[in-house]
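Now for the letters of each chain:
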Amino acid sequence: MTQFFNDVIQIVAKHYPFLLRGIGYTMLIALAGTLIGLLIGLATGVLRTCPLSKNGFVRMLQKLLNGIIAVYVEVFRGTPMMVQAMVIYWGYAYATGGSTLPLIPSGIIIVSINTGAYMAEIVRGGIISIDKGQFEGAAAVGMTHWQTMRHIILPQVLRNILPSVANEFVINIKDTSVLNVIGVTELYYFAGIIKRESFQTFQTYLVVCVIYFVLTFTVTRILRLIEKKLQGSDSYVICGSQSDPNAEIRVPKKQEVPND
Amino acid sequence: MRRLIALTLALLMALSLCACGGEAAKLDVSTAKSIADLKGAKIAAQSGTFHADAMLQIPEVQSQTLPEFADLLTALKAGTIDGYIAEEPTAIEACLSDESLAYLHLVNNDTGFTATDADVGIAVGLKTGNELRDQINTILDEISTETRSELMNQMVQLSAGKEVTSLALTSEAPANPTGTLKVAMECAYAPFNWTEMDTPSVGAVAISGEGKENMYANGYDVQIAQYVANKLGMTLEIYAIEWDGLIPALDSGAVDAIVAGMSPTAEREEQIDFTNVYYSSNLVVIYKK
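Because the structure is a prediction, the values reported are computed rather than measured. (Residues numbered from 1 in each chain as written. Chains lettered and ligands numbered in written order. Predicted model: local features only at pLDDT ≥ 70, side-chain atom pairs only at ≥ 80, totals over all residues. Heavy atoms only, no water.)

### Quick notes on the interface of chain A and chain B
Item 1. On the side of chain B, 28 residues touch chain A, which itself brings 27 residues to the contact.
Item 2. In this assembly, chain A packs against chain B so that about 2300 Å² is buried in total across both faces, 59% of it on carbon and sulfur atoms.
Item 3. Taken as a group, A:Trp90, A:Arg196 and A:Phe199 account for 25% of the area that chain A buries against chain B, more than any other trio of residues on that side.
Item 4. Its salt-bridge partner being B:Glu213, residue A:Arg21 comes within 3.6 Å of it at the nearest N-O pair.
Item 5. Elements supplying a minimum of two residues to the side of chain A that touches chain B: helix H1 (2-49), helix H3 (81-95), helix H4 (103-128) and helix H7 (187-198) of chain A.
Item 6. Broken down by element, the side of chain A that touches chain B gets its largest block of residues, seven residues, from H7(A).
Item 7. Residues of the side of chain A that touches chain B, tallied by class, amount to 15 nonpolar, eight polar and four charged. (Contact = heavy atoms within 4.5 Å. Buried area = accessible area lost by both parts, 1.4 Å probe. Salt bridge = Lys/Arg side-chain N within 4 Å of Asp/Glu carboxyl O. Helix = DSSP H or I, 4+ residues; strand = E, 2+ residues; numbered from the N terminus. Nonpolar A, V, L, I, M, F, W, Y, C, P; charged D, E, K, R; others polar.)

### Considerations on the nonpolar core
Soluble globular proteins tend to bury their nonpolar side chains together.
Item 1. Counting 119 residues, the largest nonpolar core has B:Tyr84, B:Tyr278 and B:Ile286 as the members making the most contacts within it.
Item 2. The biggest single contributor to this core is H1(A), with 10 residues.
Item 3. Of the domains in this structure, domain 1 (6-115) and domain 2 (118-280) of chain B are the two that each give at least three residues to this core.
Item 4. Ignoring anything within four residues of it in the chain, the contact list for B:Tyr84 reads B:Ile43, B:Ala44, B:Phe69, B:Leu72, B:Leu73, B:Leu76, B:Val284, B:Val285 and B:Ile286. (Core = buried A, V, L, I, M, F, W, Y, C linked by side-chain atoms within 4.5 Å. Buried < 20%, exposed > 50% of the residue type's maximum accessible area, 1.4 Å probe, protein only. Domains from an automatic or database assignment.)

### Some remarks on the sheet that holds strand S3 (residues 83-87) of chain B
All names here are of chain B.
Item 1. The strand order across the open sheet formed by five strands is S2-S1-S3-S14-S4, and the pairing between neighbours is mixed. Both edges of this open sheet fall to strand S2 (62-66) and strand S4 (101-104), since each of them pairs with a single strand only. The mean angle between the axes of side-by-side strands here comes to 35°, regardless of whether they run parallel or antiparallel.
Item 2. Direction of pairing for strand S1 (residues 42-46) relative to S2: parallel, over a ladder of five bridges. Considered in S2, the bridge of Ala44 is made with Gln64.
Item 3. Against the sheet, helix H4 (residues 88-97) touches S3, S4 and strand S14 (283-288), its axis set at about 155° to S4. (Pairing = 2+ DSSP bridges. Axes fitted to C-alpha atoms, helices over the stretch in contact; angles between N-to-C directions.)

### Structural notes on the side chain of B:Ser252
Item 1. Relative to the elements of secondary structure, B:Ser252 occurs in helix H9 (residues 246-252).
Item 2. Polar side-chain contacts of B:Ser252 include one of 3.2 Å to the backbone oxygen of B:Ala249.
Item 3. Filtering out sequence-adjacent residues up to four positions away, B:Ser252 remains in contact with A:Trp90, A:Ala93, A:Tyr94, A:Gly97, A:Gly98 and B:Lys127. (Polar contact = N/O pair within 3.5 Å; in protein donor to acceptor, adjacent residues only side chain to side chain.)

### Section: the domain arrangement of chain B
All names here are of chain B.
Item 1. In terms of domain boundaries, chain B breaks down into domain 1 (6-115) and domain 2 (118-280).
Item 2. Of note, the centres of domain 1 and domain 2, computed from C-alpha atoms alone, are 29 Å apart.
Item 3. Buried surface at the junction of domain 1 and domain 2, summed over both partners, amounts to about 1400 Å²; 58% is from carbon and sulfur atoms.
Item 4. The interface formed by domain 1 and domain 2 contains zero salt bridges.

### Section: helix H8 (residues 220-232) of chain B
Residues and elements named next belong to chain B.
Item 1. The first and last C-alpha atoms of H8 sit 18 Å apart over 13 residues, in line with the 18 Å expected at 1.5 Å per residue.
Item 2. Here H8 lies mainly inside the structure; 11 of its 13 residues are buried.
Item 3. Listed as buried for H8 are Tyr220, Asp221, Val222, Gln223, Ile224, Ala225, Tyr227, Val228, Ala229, Asn230 and Leu232.
Item 4. Directly after H8, the chain includes Gly233, whose backbone phi takes a positive value near 75°. (Expected span 1.5 Å × (residues − 1).)

### Description of the confidence of the model for chain A
Item 1. Put simply, chain A has an average pLDDT of 91, and 97% of its residues get 70 or more.
Item 2. By mean pLDDT, the top-scoring element of chain A is H4(A) (95), and the lowest-scoring one is strand S2 (residues 248-251) of chain A (80). (pLDDT = per-residue confidence, 0-100.)

### Some thoughts on unusual backbone geometry
Item 1. The linkage connecting B:Ala190 with the following residue, B:Pro191, adopts the cis geometry, with an omega of 0°.
Item 2. By secondary structure assignment, the location of B:Pro191 is in the loop between strand S7 (188-189) and strand S8 (193-197).
Item 3. Non-glycine residue A:Phe199 carries a positive phi angle of around 60°.
Item 4. Inspection of the secondary structure assignment puts A:Phe199 in the loop between H7 and helix H8 (201-231).
Item 5. Overall, the relative accessible area of 34% leaves A:Phe199 in the partly exposed class.
Item 6. Despite not being glycine, B:Glu60 shows a phi value in the positive range, around 50°.
Item 7. Topologically, B:Glu60 is positioned in the loop between helix H2 (50-55) and S2.

### Overview of the pairing of strand S5 (residues 121-126) of chain B
All names here are of chain B.
Item 1. Counting buried positions along S5 yields six of six residues, so the element is predominantly enclosed.
Item 2. Of the pairings in the sheet, the one linking S5 to strand S13 (residues 273-280) comprises five bridges and is antiparallel in character. Bridged to Gly121 within S13 is Ser280.
Item 3. For S5 and strand S12 (residues 257-258), the ladder comprises two bridges, and the chain directions are antiparallel. Note that in S12 the partner of Gly125 across the bridge is Ile258.

### Some thoughts on the pattern of salt bridges
Note on pairing: side chains with opposite charge can pair once their charged atoms come close.
Item 1. Throughout the structure, instances matching the rule amount to 14 salt bridges over all chains.
Item 2. Among the ionic pairs, B:Glu68 bridges to A:Arg196, the shortest N-O distance being 2.8 Å. Of this pair, B:Glu68 sits in the loop between S2 and helix H3 (69-78) while A:Arg196 sits in helix H7, placing the two residues on different chains.
Item 3. With a shortest N-O distance of 3.1 Å, A:Arg250 and A:Glu248 are connected by a salt bridge.

### So, the sheet that holds strand S10 (residues 215-218) of chain B
All names here are of chain B.
Item 1. Spatial ordering of the open sheet is given by S7-S8-S10-S9, a layout of four strands whose pairing is antiparallel. Both outer strands of the open sheet, S7 and strand S9 (205-206), are each paired with one neighbouring strand and no more.
Item 2. Here H8 sits on the sheet and contacts S8, S9 and S10; the angle it forms with S10, its principal contact strand, is near 90°.

Have a look at this one:
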């Protein structure tokens, strides 16, 4: 048993610069991929909920665009990211006659495109969950689709989908590990190298397992804090009532909800 | 009553599990003199290699393939297999690094596996029609058999962590390189090619690519690639690519050559060209003492 812990400590002590580099790239790719994916999701969400134009030509363009988005979402949601990585990376090399994309950017591109497909559905869900009356109200005061989205719908959507976005981020931290098939030097890639050098499979992967957990756990806690912040304070005061302008209704702090 | 039934069922399941464990009695492969003696053994090999095809020559073998070579050793140590197939230099290296391992001294086409020279030799892979092939063949043929085995011996020692001061095969780097020779290998198949971190051993070459700083490749393949590049008057660049990505990398033109302990088998010949063989060895079976 002490031998085992010695092995684990040895692995960390000997290879920590590479483990740190792996953590750096894993977090960079996961963060950039999630953010770009969210932007893709927002863009496709706004486009897909846009009412069809009266102009025949624009209407055709809109339908075409909606079709492309639907195909994109279905294809990238319906195939494994590992396969997408191989197809995009080597497909690009075949298409350009041998030049390959630099590894880290291609990792970010692959994760972004994949996450974008999920985000498109998350954002769409977020938009249709907003009460129809708000769209009608915005239309009544003469807002365009873009104005409605920017000033009324998207701020609410963003708050509502934050838990799902956080979920995607955590999934991405773990899923960057599949990028080792094209040689991206993320955490799992270094685990493979350390394993081959030390012949200590279990010990190496145990170290990496703990690192992944610390990463995802920290991220979920931070995002939970942000969520809480956006919710505002639990106890607040409602000032004034119809009969008495000086009335104050105090809403006390609620009991903690279990399983929160 | 229900609780009683559940308890009985649980007990039965636990018992059947124990029975399974008992059945997997270890087959003693250490006394095997030929592959016929391995009848019914649990043997593993790396998938997508000639080893995996050769494995099926063992009578009634309980075969298993794993995508990565290093995982075969893990499976052996965990006791899930009786042995795994490797080339002799790899076996010597593994047994030097780990005293609990040993290997069966099988000889191809005699006590060991039936194989052609192309199956057990390793050659440089080039894109079909590459004009460098004849030049590389001339360079490879100049390396004598003694030098080859001496170099392999040194690489086995080096890979097992022993000290080696000077290499058997050396060449001068060209003063005015005419270009770069991009070479792909796994960097995960000692003693043919492996990865080193931080401190490069004698003759090691830095691995190219983003995020690969302070990583070096060394091994028999690296030395051959370095020699060929120097003799061609080119600078060597080494790319670490997964086994299954090697042929796509070559096909697409991302690299110029594969020097990865790859055998010029008939199936691969259909996709890419191979040079003459630059090393050949016996296929053996590594087992736990």
